[in-house]
Amino acid sequence: MKIRAAVLESFDAPLEVQELDLAEPEPGEVLVRLVACGVCHTDLYTASGADPSGYSPTVLGHEGAGVVERVGDGVTSVAQGDHVVTLFSPQCRECIHCRDPRTNLCLAIREQQNQGYLPDGTTRLSRDGEAIRHFMGTSTFAEYTVMPEIALAKVAPDAPLDRACLFACGLSTGLGAAMNTAKVEPGSTCVVFGAGMVGLGAVAGCRLQGAERIVCVDLSDDRLELARGQGATDTLLGGPETVQQIVDMTGGFGADYTFEATGNVNVMRQAVESARMGWGLATVCGVAGKGETLDVVPRFLITGRRVAGSSFGGVKGRDQVPQLIDRYLAGDIDVDPFVSHKLTLDDVNRGFELMEAQDGIRSVIEFA
Ligand SMILES: NC(=O)c1ccc[n+]([C@@H]2O[C@H](COP(=O)([O-])OP(=O)(O)OC[C@H]3O[C@@H](n4cnc5c(N)ncnc54)[C@H](O)[C@@H]3O)[C@@H](O)[C@H]2O)c1
Ligand SMILES: [Zn+2]
Ligand SMILES: [Zn+2]
């Protein structure tokens, strides 16, 4: 079939909305009609050429939500008409990692996905007979996409898809960092560095876990205001004295749980240093620049602080994204303030501009 999609032709140039060919789903694959898709930093990171593993041409986009149009042979977990959220982090339910509760890093299709192929090593996308590679296994800046069944979360049919799409990446990452990776305990004190989509999700996750005190740190007053709306009890403008401020606010000890959601390695260090002696856990969500390292004085670890990383919030996508969306539908998570702009596919580059200007939390593309 013919589809319209936003193609990354060459790095550091605007995406081009073009007509491409999309082949039918092969066994184990699903054709999805996209309804909404968020514009995320990872798309921009790849488009800019900064990602050393990036390639072109490809169709970007990974925060998708849509409706199942057709399924390939052997597909049993979704059917035509189901509402789905796309998962760049799949869940095969069979590999050694999927069967272990300690991680969500499914091993089933990693290598092919990283190279831009579907699990059988080919693409469904093409243009004039030339293969076009997929991106993050999703390629959702497009009217339709073909994805493996194991990379689709079937969600409640009454969830608005222009909100549900945020659970495909940033929001679930933040929520999961607090709920899965750190497993924040009721009554605890938490600090979240960064009040973008990921950090605001972490604030909400800390609140859902019953944290008593949630301090959010950012450079923007507007974003700190949004953090208060998600349950932050205290806010701080970030700077070199942030660690000392947090130590002072916590009786000289530091916080039970800290979260880093900025991508800045100096802030990661602050997250470690403001975690409590004895048991404080610093959870790193941000993606640092190529070659950057996290500098930690070992004494902080010997005296009982721990550091954890979190990919997609440790969320096992097919099982847990539907659960998170049910909590949203139950009124536990306020998603509306995160959707700052609605765009058409033709405006996709405007989504990048808004993100670079830090104008709003998320732009969402809606497909007619
Ligand atoms: N681990 C994962 O699976 C995963 C998934 C999605 C995104 N990410 C990463 O998470 C990070 C956050 O993503 P986002 O979409 O929320 O980004 P964002 O840019 O919207 O938010 C980052 C926030 O950090 C704030 N900030 C910058 N410097 C700061 C400082 N010194 N002190 C305090 N706050 C500071 C900014 O003001 C901004 O509000 C990025 O690095 C992104 O690549 C990771
Ligand atoms: Zn993303
Ligand atoms: Zn797996």
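Residues numbered from 1 in each chain as written. Chains lettered and ligands numbered in written order. Predicted model: local features only at pLDDT ≥ 70, side-chain atom pairs only at ≥ 80, totals over all residues. Heavy atoms only, no water.

Asker: Outline the overall build of the protein, listing residues and values.
Answerer: Along its length, the protein carries 11 helices and 18 strands. Its C-alpha atoms give the protein a radius of gyration of 20 Å, near enough to 21 Å, the size a compact globule of 368 residues would have. Dimensions of the protein, computed from C-alpha atoms along their principal axes, come out at roughly 65 × 40 × 35 Å. Counting the 368 residues in the protein, one finds 57% classified as buried. (Helix = DSSP H or I, 4+ residues; strand = E, 2+ residues; numbered from the N terminus. Rg over C-alpha atoms; globule rule 2.2 N^0.38 Å. Buried < 20%, exposed > 50% of the residue type's maximum accessible area, 1.4 Å probe, protein only.)

Asker: Go over the coordination of the zinc ion (ligand 3) with me, naming the residues and quoting the values.
Answerer: Listed as protein donors to the zinc ion (ligand 3) are Cys92 (SG), Cys95 (SG), Cys98 (SG) and Cys106 (SG); their distances from the metal cover 2.3 to 2.4 Å. Because the angles between the 4 donor atoms bound to the zinc ion (ligand 3) fall within 105 to 118 degrees, the donor set is best described as tetrahedral. Counting residues between consecutive donors of the zinc ion (ligand 3) along the chain gives the motif C-x2-C-x2-C-x7-C. Residue Cys95 is found in the loop between β6 (83-86) and α2 (110-115), and its partner Cys106 is found in the loop between β6 and α2; the two are separated by 11 residues along the sequence. (Donors = N, O, S within 2.8 Å, 3.2 Å for Na, K, Ca; no water. Tetrahedral: all angles 85-135°; square planar, octahedral: opposite > 155°, others 65-115°.)

Asker: Pulling in residues and values, what's your account of the coordination of the zinc ion (ligand 2)?
Answerer: Bound to the zinc ion (ligand 2) are the protein donor atoms Cys40 (SG), His62 (NE2) and Cys169 (SG), situated 2.0 to 2.2 Å from the metal. Going along the chain, you hit the donors of the zinc ion (ligand 2) in the pattern C-x21-H-x106-C. One end of the pair, Cys40, is in the loop between β3 (29-38) and α1 (41-48); the other, His62, is in the loop between β4 (58-59) and β5 (63-71), and 22 residues separate them in sequence. The two residues Cys40 and His62 agree in class, both being buried.

Asker: Tell me about the packing of helix α4 (residues 170-181) against helix α10 (residues 317-329), and please be specific about residues and values.
Answerer: Running from amino to carboxyl end, α4 crosses α10 at an angle of 95 degrees, the nearest separation of the two axes being 12 Å. Relative to α10, α4 is oriented roughly perpendicular. Here Ser172, Leu175, Met179 and Asn180 of α4 come into contact with α10, specifically with Gln320, Val321, Leu324 and Arg327. Per-class residue counts for the contact of α4 with α10 are 4 nonpolar, 3 polar and 1 charged. (Axes fitted to C-alpha atoms, helices over the stretch in contact; angles between N-to-C directions. Parallel < 35°, antiparallel > 145°, perpendicular 65-115°, else oblique. Contact = heavy atoms within 4.5 Å. Nonpolar A, V, L, I, M, F, W, Y, C, P; charged D, E, K, R; others polar.)

Asker: Can you lay out the pairing of strand β13 (residues 234-237) for me, pointing to particular residues and giving the numbers?
Answerer: Of the pairings in the sheet, the one linking strand β12 (residues 213-218) to β13 comprises 4 bridges and is parallel in character. Paired with Val217 across the bridge in β13 is Leu236. In this fold, β12 hands off to helix α6 (residues 221-229), which returns the chain to β13; that crossover is right-handed. (Pairing = 2+ DSSP bridges. Right-handed = clockwise from strand over helix to strand, strands pointing away.)

Asker: Residues and numbers for helix α11 (residues 348-356), please.
Answerer: Considered for burial, the residues of α11 that qualify are Val348, Asn349, Gly351, Phe352, Leu354 and Met355. Close packing links the buried residues of α11 with β1 (2-8), β2 (16-22), α1, β17 (339-343) and β18 (362-366). Phi for Gln358, located one or two positions after α11, is positive at around 50 degrees.

Asker: Please provide a residue-by-residue account of the site of ligand 1, values included.
Answerer: Ligand 1 sits among 24 residues. The nearest are Asp218, Arg223, Cys285, Ser310 and Phe312. In the environment of ligand 1, an oxygen atom lies 3.0 Å from a nitrogen or oxygen atom belonging to the backbone of Met197. In this structure, Ser310 approaches ligand 1 through a main-chain N or O atom, which is 2.8 Å from a nitrogen atom. When the residues that make up the shell around ligand 1 are grouped by side-chain class, the tally is 11 nonpolar, 10 polar and 3 charged. (Near = heavy atom within 4 Å. Polar contact = N/O pair within 3.5 Å; in protein donor to acceptor, adjacent residues only side chain to side chain.)

Asker: Describe the sheet that holds strand β16 (residues 306-309), listing the residues and the values that go with them.
Answerer: Within the open sheet, the 6 strands sit side by side as β13-β12-β11-β14-β15-β16. Their pairing is parallel. The outermost strands of the open sheet, each flanked by one partner alone, are β13 and β16. Pairs of neighbouring strands in the sheet enclose a mean axial angle of 20 degrees, with direction left out of account. Each of β14 (257-260), β15 (281-284) and β16 touches α4; the most contacted strand, β15, lies at about 145 degrees to it.

Asker: Let's hear about the pattern of salt bridges: which residues, and what values?
Answerer: Inspection of every chain in the model, using the stated rule, returns 22 salt bridges. Note that Glu63 and Arg362 form a salt bridge whose closest N and O atoms lie 3.0 Å from each other. Pair noted here: Glu63 is in strand β5 and Arg362 is in strand β18, with a separation of 299 residues, a long-range link. Glu63 sits in the buried class, given a relative accessible area of 0%. Here Arg163 and Asp162 are joined by a salt bridge, their closest N and O atoms 3.0 Å apart. Here the two residues Arg163 and Asp162 agree in accessibility, since each one is buried. (Salt bridge = Lys/Arg side-chain N within 4 Å of Asp/Glu carboxyl O.)

Asker: Please give an account of the environment of Glu16 that cites residues and values.
Answerer: Considering the arrangement of structural elements, one finds Glu16 in strand β2. Residue Glu16 is classed as partly exposed on the basis of its relative accessible area, which comes to 39%. Between the C-alpha atoms of Glu16 and Cys285, which are 269 residues apart in sequence, the distance is 31 Å. Apart from the residues within four sequence positions on either side, Glu16 is in contact with Ala5, Ala6, Val7 and Glu9.

Asker: Please provide a residue-by-residue account of the packing of aromatic side chains, values included.
Answerer: A full pass over the atoms with the stated rule returns 2 aromatic pairs. Seen from their ring centres, Phe167 and Tyr328 are 6.0 Å apart, and the 40 degrees between their planes marks the pair as tilted. Separated by 161 residues along the polypeptide, Phe167 in the loop between α3 (161-164) and α4 and Tyr328 in helix α10 bring together distant segments of the chain. With relative accessibility at 0%, the residue Phe167 sits in the buried group. Between the NZ or CZ atom of Arg276 and the centre of the ring of Phe253, over which it lies, the distance is 4.1 Å. Across the ring face of Phe300, the terminal group of Arg299 is positioned such that the distance to the ring centre comes to 5.0 Å. (Phe/Tyr/Trp six-rings, centres within 6.5 Å; stacked < 30°, edge-to-face > 60°. Lys NZ or Arg CZ within 6 Å of the ring centre and 35° of its normal.)

Asker: Talk me through a nonpolar patch on the surface; I want residue IDs and the actual numbers.
Answerer: The grouping of Leu294, Leu301 and Val307 at the surface amounts to a nonpolar patch, some 210 Å² of accessible area in total. With respect to the element layout, Leu301 can be found in helix α9 (residues 298-302). Using a relative accessible area of 38% as the deciding quantity, one classes Leu301 as partly exposed. (Patch = residues over 30% accessible without salt bridge, like charges linked within 9 Å, V, L, I, M, F, W, Y side chains within 5 Å. Areas by Shrake-Rupley, 256 points an atom, 1.4 Å probe, with all protein chains shown as cover.)

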